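# Structure assessment
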There are 12 protein chains.
Amino acid sequence: MPEHSYKHIEVTGSSSKSFDDAVKTAVAKAAMTLHNLHWFEVIETRGHIEGNEVKHWQVTVKIGFRLD
Amino acid sequence: MPEHSYKHIEVTGSSSKSFDDAVKTAVAKAAMTLHNLHWFEVIETRGHIEGNEVKHWQVTVKIGFRLD
Amino acid sequence: MPEHSYKHIEVTGSSSKSFDDAVKTAVAKAAMTLHNLHWFEVIETRGHIEGNEVKHWQVTVKIGFRLD
Amino acid sequence: MPEHSYKHIEVTGSSSKSFDDAVKTAVAKAAMTLHNLHWFEVIETRGHIEGNEVKHWQVTVKIGFRLD
Amino acid sequence: MPEHSYKHIEVTGSSSKSFDDAVKTAVAKAAMTLHNLHWFEVIETRGHIEGNEVKHWQVTVKIGFRLD
Amino acid sequence: MPEHSYKHIEVTGSSSKSFDDAVKTAVAKAAMTLHNLHWFEVIETRGHIEGNEVKHWQVTVKIGFRLD
Amino acid sequence: MPEHSYKHIEVTGSSSKSFDDAVKTAVAKAAMTLHNLHWFEVIETRGHIEGNEVKHWQVTVKIGFRLD
Amino acid sequence: MPEHSYKHIEVTGSSSKSFDDAVKTAVAKAAMTLHNLHWFEVIETRGHIEGNEVKHWQVTVKIGFRLD
Amino acid sequence: MPEHSYKHIEVTGSSSKSFDDAVKTAVAKAAMTLHNLHWFEVIETRGHIEGNEVKHWQVTVKIGFRLD
Amino acid sequence: MPEHSYKHIEVTGSSSKSFDDAVKTAVAKAAMTLHNLHWFEVIETRGHIEGNEVKHWQVTVKIGFRLD
Amino acid sequence: MPEHSYKHIEVTGSSSKSFDDAVKTAVAKAAMTLHNLHWFEVIETRGHIEGNEVKHWQVTVKIGFRLD
Amino acid sequence: MPEHSYKHIEVTGSSSKSFDDAVKTAVAKAAMTLHNLHWFEVIETRGHIEGNEVKHWQVTVKIGFRLD
């Protein structure tokens, strides 16, 4: 297996559904302009509260993609 | 849009169901005595194990509420 | 209630389903060789991406078990 | 000099003018409901951008006040 | 055993006697206005020096108390 | 209000005038090539010294911009 | 003096007496199953509160032991 | 000397030879698409193990480049 | 350009005027006994409160000076 | 590719030759009692000085191995 | 009360007796060459183990002293 | 073995050759004015880039020396 190099970006995804869904949104957003996404790491988990309930999740992930 | 000031508190919510539910419990508990809750940030995710299974989640969130 | 001592280990569990399931996998793996598991704390939440989607979650937990 | 005890709170102050002014706003807000404020420590310095310019500063300070 | 929620506060206790005593002072101060104190965690250990000797200890603890 | 996603970049701005001005320089530099800048967070505050005086401030900010 | 290699473990010791005693308990527990303990480092200092008093200290130490 | 602004990126370089070589690989990869690279800082040093030996080093560096 | 070595010191400067002025005070104090001061980094920003207003700023900086 | 679980251990390796060699020593030591070592991460880089020269390097690595 | 500037140093004190005594040793050592010691902060608490018992405590403190 | 006290300093060493060599440079520089150097710990690993290549390494080490 050859050795690869990776570049990292940081993206915040939002979701009114769940923590998991906010992570998937972040990955999907990054995939719109970048290829070869390889891994993610959760950096920060926040969210907005409205009417005393969790309105939506905002999860920041670091994403690594392979440099060709 | 006017500039607001916020105070932060730290609350641990518990749930036998899920990580997401423990966050919602923490927000609901804070909402019982405070108004204008605005955002949360997950600080720590722990839990108890009984019979070798996750018994309940204990998630600590920092919650910001708007000062009137 | 007597005072107990605990030892900690660190385990990474994987799951293609969800964040919560990866934590449960880590606890289940630790339970195969250790008794008296008592608590866990999430240390790191990562995952692999394939075809621009979250392929599986990899969650590292610190687990404390009671020393007899 | 006797020994004192202190309680800490965390407040975010905003200002469209400057970093320094946002800190002063946070202290002024805390002073509206608490006495004996003694010291502060800057925890986080953020702000909002509108029209590609810094619109206002949002500085979070930990404030210690003496317990009587 | 039911699941509980906790709120956390941060208090600095002082003592001219010892590190341990400064922690106990912080807990005693918190107990004057709050019920159901459950656990503490030491956050910071500082102190004042006078005449080239440790004059008093100032230990900051985070204290969790159960929400009814 | 719909849920947005954000990408983060990290920029160091310099100024011989002040801390505040170095932050504004960083934001202005980022605005030359990116739209929809939304917030910033100060990551590091450094500076150069010449002739025993602060010659210029170098402040690193993380900037979030909305993904369309 | 030859160069040694070390393995680290993490243990929480408890004591109703003092911080120092909880550290000694952790070391004594580790010594029941391991040889060649060489150093410790305090990682976390917590404790339980009952009746508004410190009931017992729980100190987590990392312990290094020499690999033969 | 005029004041410059910098943008930072994060790149992981790999090498089967050495730690130093993995850093150089990361810089070389970044240089393929960016000009005016100015400094680097090592953020994380990891690697893969195969057959119980270090197979290759993976070093993540933050790289700053001057904005024109 | 030759390669230099640097030693670092940590100094707290105070000012009743502003954050910026407290940094300049710290640098001026260090310059009274050391030559070749080269850079600074802000480590901690605190201050005292009197009469519910910011009385003075206390900013701790790490300062690097070139070894001859 | 199936999903794997991993356990982590922490080992300090020493070498009078180089940083790289101390990492390899740590991996070799761990390999004497464990199978399926998969990755390492450098946690701490220290060393001893004798006669004003670096006598040996002591590098602590976290090592992950696959649970069968 | 005038505004003061402080310089910080870092000292490790040892004691076979207790944690508290190791801190006092560090302060006493610093006082042998410096005047106007004002405060300390505990940075790291370690110790050596011999014969499976705590042989001595090694506590590192940051000490601030007033610049005249 | 008697108990010793140590003072710590922080030095940045540079080298165009390697990471290891920059550490040795830092130790050698410290040894020019101090005796009884005992250990070092790597705090930060940076470097300059010129012509898209690593020009020189700049490694900051904390060095402990025994107080007589």
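Residues numbered from 1 in each chain as written. Chains lettered and ligands numbered in written order. Predicted model: local features only at pLDDT ≥ 70, side-chain atom pairs only at ≥ 80, totals over all residues. Heavy atoms only, no water.

## What about the overall build of chain A?
Here is the rule: The secondary structure listing takes helices from DSSP runs of H or I that are at least 4 residues long and strands from runs of E that are at least 2 residues long, numbered from the N terminus. Radius of gyration: C-alpha atoms only; globule rule: 2.2 Å multiplied by the number of residues to the exponent 0.38. Per-residue accessibility, obtained with a 1.4 Å probe over protein chains only, is compared with the maximum for each type, and a residue is labelled buried under 20%, exposed over 50%, and partly exposed between these values. Pairs of residues are marked as contacts when any of their non-hydrogen atoms sit within 4.5 Å. To be clear on the numbers: accessible area is Shrake-Rupley with a 1.4 Å probe, and residue cover counts the displayed protein chains and nothing else. Only four residue types enter the tally: Lys and Arg on the positive side, Asp and Glu on the negative side; His and the chain ends are excluded. Where a charge sits is defined by one atom per residue type, namely NZ (Lys), CZ (Arg), CG (Asp) or CD (Glu).
If you tally the helices and strands in chain A, you get one helix and three strands. Counting from the amino terminus, helix and strand elements in chain A follow one another as β-α-β-β. The globule rule puts the C-alpha radius of gyration for 68 residues at 11 Å, and the 14 Å found for chain A is more than 25% above it. Across its three principal axes, chain A shows a C-alpha extent of roughly 50 × 20 × 15 Å. Burial analysis of chain A (68 residues in total) assigns 59% to the buried set. When contacts within chain A are restricted to residue pairs at least 6 apart in sequence, long-range pairs at least 24 apart make up 59% of them. Of the roughly 2900 Å² that chain A leaves accessible, carbon and sulfur atoms contribute 46%. Taken as two groups, the 8 positive and 9 negative side-chain charges of chain A have centres that lie 4 Å from each other.

## Some words on unusual backbone geometry
The backbone of N36 of chain E sits at a positive phi, close to 60 degrees, despite the residue not being glycine. For N36 of chain E, the position within the fold is in the loop between α1 (19-31) and β2 (37-50).

## Side note on the pairing of strand β2 (residues 37-50) of chain G
The line we're drawing: Only strands that DSSP links by at least two bridges are regarded as paired with each other.
One ladder, built from three bridges, connects β2 of chain E with β2 of chain G; its direction is antiparallel. Within β2 of chain G, the position partnered with E41 of chain E by the bridge is R46 of chain G. Across twelve bridges, β2 of chain G lies against strand β3 (residues 53-66) of chain G in antiparallel orientation. Each bridged residue has a counterpart across the sheet, and for E44 of chain G the counterpart in β3 of chain G is T60 of chain G. Counted along the chain from β2 of chain G to the antiparallel partner β3 of chain G, the turn is two residues long, and its residue G51 of chain G has a positive phi close to 60 degrees.

## Considering the relation of the copies chain J and chain L
Worth spelling out the cut-off: We place the copies in one frame by least squares, fitting the C-alpha atoms of every residue whose pLDDT is at least 70 in both.
Structural alignment of chain J on chain L gives an RMSD of 0.0 Å, achieved by rotating through 120 degrees and translating 0.0 Å along the axis. The superposition operator between the copies reduces to a three-fold rotation axis. For chain J, the residue whose C-alpha comes nearest the rotation axis is F19 of chain J, separated from it by 4.9 Å. Comparing interface residues between copies, only 7% of those in chain J also sit at the interface in chain L, which points to a heterologous contact through distinct surfaces.

## Describing the interface of chain J and chain L
Rule in force here: Two parts placed together each lose some accessible area; with a 1.4 Å probe, that loss summed over both constitutes the buried area. Here, a salt bridge means any side-chain nitrogen of Lys or Arg that lies within 4 Å of a carboxyl oxygen of Asp or Glu. Polar contacts, as used here, are pairs of N or O atoms within 3.5 Å; protein pairs need one atom able to donate a hydrogen and one able to accept it. Residues neighboring in sequence count only if both atoms are side-chain atoms. By the convention adopted, Pro, Cys, Tyr, Trp, Phe, Met, Ile, Leu, Val and Ala count as nonpolar, Lys, Arg, Asp and Glu as charged, and the other residues, Gly among them, as polar.
Counting from both sides, the interface comprises 14 residues of chain J and, opposite them, 14 residues of chain L. When the two sides are added together, the surface that chain J and chain L hide from each other amounts to roughly 1300 Å², 61% of it contributed by carbon and sulfur. Of all residues in chain J, I49, N52 and W57 of chain J give up the largest surface area on contact with chain L, accounting jointly for 45% of the area buried on that side. On inspection of chain J and its partner chain L, the count reaches one salt bridge. The residue R46 of chain J makes a salt bridge to E41 of chain L at a minimum N-O spacing of 3.6 Å. Viewed at the interface, chain L and chain J are joined by four residue pairs in polar contact (both at pLDDT 80 or more). At six residues, strand β2 (residues 37-50) of chain J tops the list of elements feeding residues into the side of chain J that touches chain L. For the side of chain J that touches chain L, the class distribution of residues is four nonpolar, six polar and four charged.

## Comments concerning the pattern of salt bridges
Per the counting criterion, the structure on display carries 36 salt bridges over all chains. For K62 of chain K, the salt bridge goes to E10 of chain I, with nearest N and O atoms at 2.8 Å. With one member in each of two chains, K62 of chain K in strand β3 (residues 53-66) and E10 of chain I in strand β1 (residues 6-15) form a pair that bridges those chains. Judged on exposure class, the residue K62 of chain K and its partner E10 of chain I are both buried. Connected through salt bridges with shared partners, the residues E41 of chain A together with E44 and R46 of chain C form a single ionic network.

## What to know about the packing of aromatic side chains
In plain terms, the rule: By convention, a stacked pair of Phe, Tyr or Trp rings (six-membered ring in the case of Trp) has centres within 6.5 Å and planes under 30 degrees apart, an edge-to-face pair has planes over 60 apart, and any other such pair is tilted. A positively charged side chain is recorded as over a ring if its NZ (Lys) or CZ (Arg) lies within 6 Å of the ring centre. The angle to the ring normal must also be within 35 degrees.
If you walk through the whole model with that rule in mind, you get 44 aromatic pairs over all chains. The interplanar angle of 65 degrees and the centroid separation of 5.1 Å between the aromatic rings of F19 of chain H and F19 of chain J together place this pair among those described as edge-to-face. With F19 of chain H in helix α1 (residues 19-31) and F19 of chain J in helix α1 (residues 19-31), this pair bridges two chains. On the basis of relative accessible area, F19 of chain J is assigned to the buried category, the value being 2%. Three or more aromatic residues link up through ring pairs in this structure, and these residues are F19, F40 and W57 of chain A, F19, F40 and W57 of chain B together with F19, F40 and W57 of chain C. Its guanidinium or amino end placed over the ring of W39 of chain J, R46 of chain H lies 4.9 Å from that ring's centre, counting from NZ or CZ.

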